[in-house]
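Residues per chain are reported as follows:
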Amino acid sequence: MEKHDQLLMKKQNKNLVLDIVKNHSPISRMEIAKVTGMSPTSITRIIHELQLQGFVRETELVTSGVGRKAALLDVCGDVLYTIGVEIDTLMIKIGIVNYVGEIVAWQSIPREATEGYNETLEKVNRNVKGLIDKNRIPSERIIAIGVGLPGSIDYKNGVVTVSDQLKWKNVNLAEDLHQLTHFAVIIDNELKMKIEAENFKGMAKDSQNAVLVGIGSGIGAAIILNGEIYRGESNNAGEIGHTVINPTGNVCNCGKIGCLATYISEGALIADSRKVKEIDSIDEVFDSYRNGESWAINIMDRTTTYIALAISNILCLYNPEVIILSGNTIENLPEIKGPIEQKSELYIWEPLKEKVKIVYSQLGDRGVVLGSAIQAQNTLLDLE
């Protein structure tokens, strides 16, 4: 038992040192010793092991006051890679991400809305392997694939419980994709993957409590509380699209009446638009709004009202420091940012107004892919 405890502490110390080098490089051994409280001898030993494993390297020399120069340490980005995948209704996105969180290869592939489960997985497998070969990434350095997708996800068992957008139910995605690619695979809801990226290098980087709201083909949220993703009992915390806003309203495909998604999702906006005009895509709705067509203005006015109400409700429930708005609707129609902020000012409870910031994701269409790769790395990297 004592030997097991010693090995565990050794692994924890190595992870701690590597994390400090990764987040504060370039840094000297002496600075690491001061931060950790470990002896210089222990730091030297751990750094030597990390150098042998390819994680850490010495960079330039710097003079610290007087006396001998101290070697600075940095991490090696190419020591390992993870692959991030986003599967959405009409698009599959794939990125190869190095150890320091840089996307070194990228590809977007169209997906048909009627595409079957096996067809989608074959497409992912084919394009993952093609991207690896094209960019000459050594397969032995790829430790895992992370997949983000819409729906209710049993992330612990790698099962998609239900995805309305993809029309998948109770499919063992992680195992099935592992059998095709031969890489370890983790899966999670797309917004939980994306908030991982926001926490790593985005708008939630310096926040302990943050909520990411995604508005597009569906509507949902991901929550960070006290620095950790809050999942709830079944990983469904944040599913605001199925909060009821009108008990006598529209029928939702979940079986309930009046869900928020039935008023502000892309499908809902298109359906309402077709009552007035022949519309084929959400872009046509947005163009009509920009052109000042009254019906489109009325629909988007209602949409921004519901978004502001959702923000107000989220603030009352979780009291985050920051709310990050993202998704196709926000990104493709930035003109609605002003109305959302004005209505939020109207609806947000007064004691919460001063502390919260409403901001917009800057990660663009790469947030889910980056977050999926980062979560795969954090979950499956196991230092010896």
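Structure: above.
Attention in this report is confined to the structure presented alongside it. (Residues numbered from 1 in each chain as written. Predicted model: local features only at pLDDT ≥ 70, side-chain atom pairs only at ≥ 80, totals over all residues. Heavy atoms only, no water.)

**A few points about the overall build of the protein**
- A tally of helices and strands in the protein yields 14 helices and 16 strands.
- By the compact-globule yardstick of 21 Å for 384 residues, the protein fits well, its C-alpha radius of gyration being 23 Å.
- Seen through its principal axes, the protein has C-alpha atoms that stretch 75 × 50 × 45 Å.
- For the protein, with 384 residues in total, the buried portion stands at 49%.
- Taking the contacts inside the protein whose residues are at least 6 apart along the sequence as the reference set, 59% of them involve residues at least 24 apart.
- Of the roughly 18900 Å² of accessible surface on the protein, 49% is carried by carbon and sulfur atoms. (Helix = DSSP H or I, 4+ residues; strand = E, 2+ residues; numbered from the N terminus. Rg over C-alpha atoms; globule rule 2.2 N^0.38 Å. Buried < 20%, exposed > 50% of the residue type's maximum accessible area, 1.4 Å probe, protein only. Contact = heavy atoms within 4.5 Å. Areas by Shrake-Rupley, 256 points an atom, 1.4 Å probe, with all protein chains shown as cover.)

**Concerning the side chain of Lys 194**
- Tracing the chain through its elements places Lys 194 in helix α6 (residues 190-201).
- Look past the residues within four positions of Lys 194 in its chain and what remains in contact with it is Leu 212, Ser 326, Gly 327, Glu 331, Ser 361, Gly 364, Gly 367 and Val 368.

**A look at unusual backbone geometry**
- Each neighbour pair has its own omega, and for Ser 25 with Pro 26 the value is -5°, a cis peptide bond.
- If you trace the backbone, Pro 26 turns up in the loop between α1 (2-24) and β1 (27-28).
- With a phi close to 50°, Asn 226 is a non-glycine residue in the positive phi region.
- Tracing the chain through its elements places Asn 226 in the loop between β13 (219-225) and β14 (228-230).
- Phi is positive for Asn 235, close to 70°, though the residue is something other than glycine.
- Along the chain, the position of Asn 235 falls in the loop between β14 and α7 (261-264).
- Classification of Asn 235 by relative accessible area gives buried; the value is 4%.

**Remarks on a nonpolar patch on the surface**
- A contiguous nonpolar patch, built from Leu 309, Leu 346 and Tyr 347 and spanning about 280 Å² of accessible area, is present on the exposed surface.
- Assignment of secondary structure puts Leu 309 in helix α10 (residues 294-318).
- Leu 309 sits in the partly exposed class, given a relative accessible area of 31%. (Patch = residues over 30% accessible without salt bridge, like charges linked within 9 Å, V, L, I, M, F, W, Y side chains within 5 Å. Salt bridge = Lys/Arg side-chain N within 4 Å of Asp/Glu carboxyl O.)

**Examining helix α9 (residues 282-290)**
- If you check which residues of α9 are buried, you get Ile 282, Val 285, Phe 286, Ser 288 and Tyr 289. The arc enclosing the buried residues of α9, seen along the axis, measures out at 160°, which places them on a common side.
- Elements that come into contact with the buried residues of α9 comprise α8 (266-273), α10 and α11 (328-332).
- Positive backbone phi, approximately 80°, marks Gly 292, located one or two places after α9. (Arc of directions from axis to C-beta.)

**Considering the environment of Ala 144**
- Structurally, Ala 144 can be placed in strand β7 (residues 142-149).
- With a relative accessible area of 0%, Ala 144 lands in the buried category.
- Between the alpha carbons of Ala 144 and Ala 184 there is a distance of 4.7 Å; along the sequence they are 40 residues apart.
- Not counting chain neighbours up to four residues away, the residues in contact with Ala 144 comprise Tyr 81, Thr 82, Ile 83, Ala 184, Ala 376 and Leu 380.

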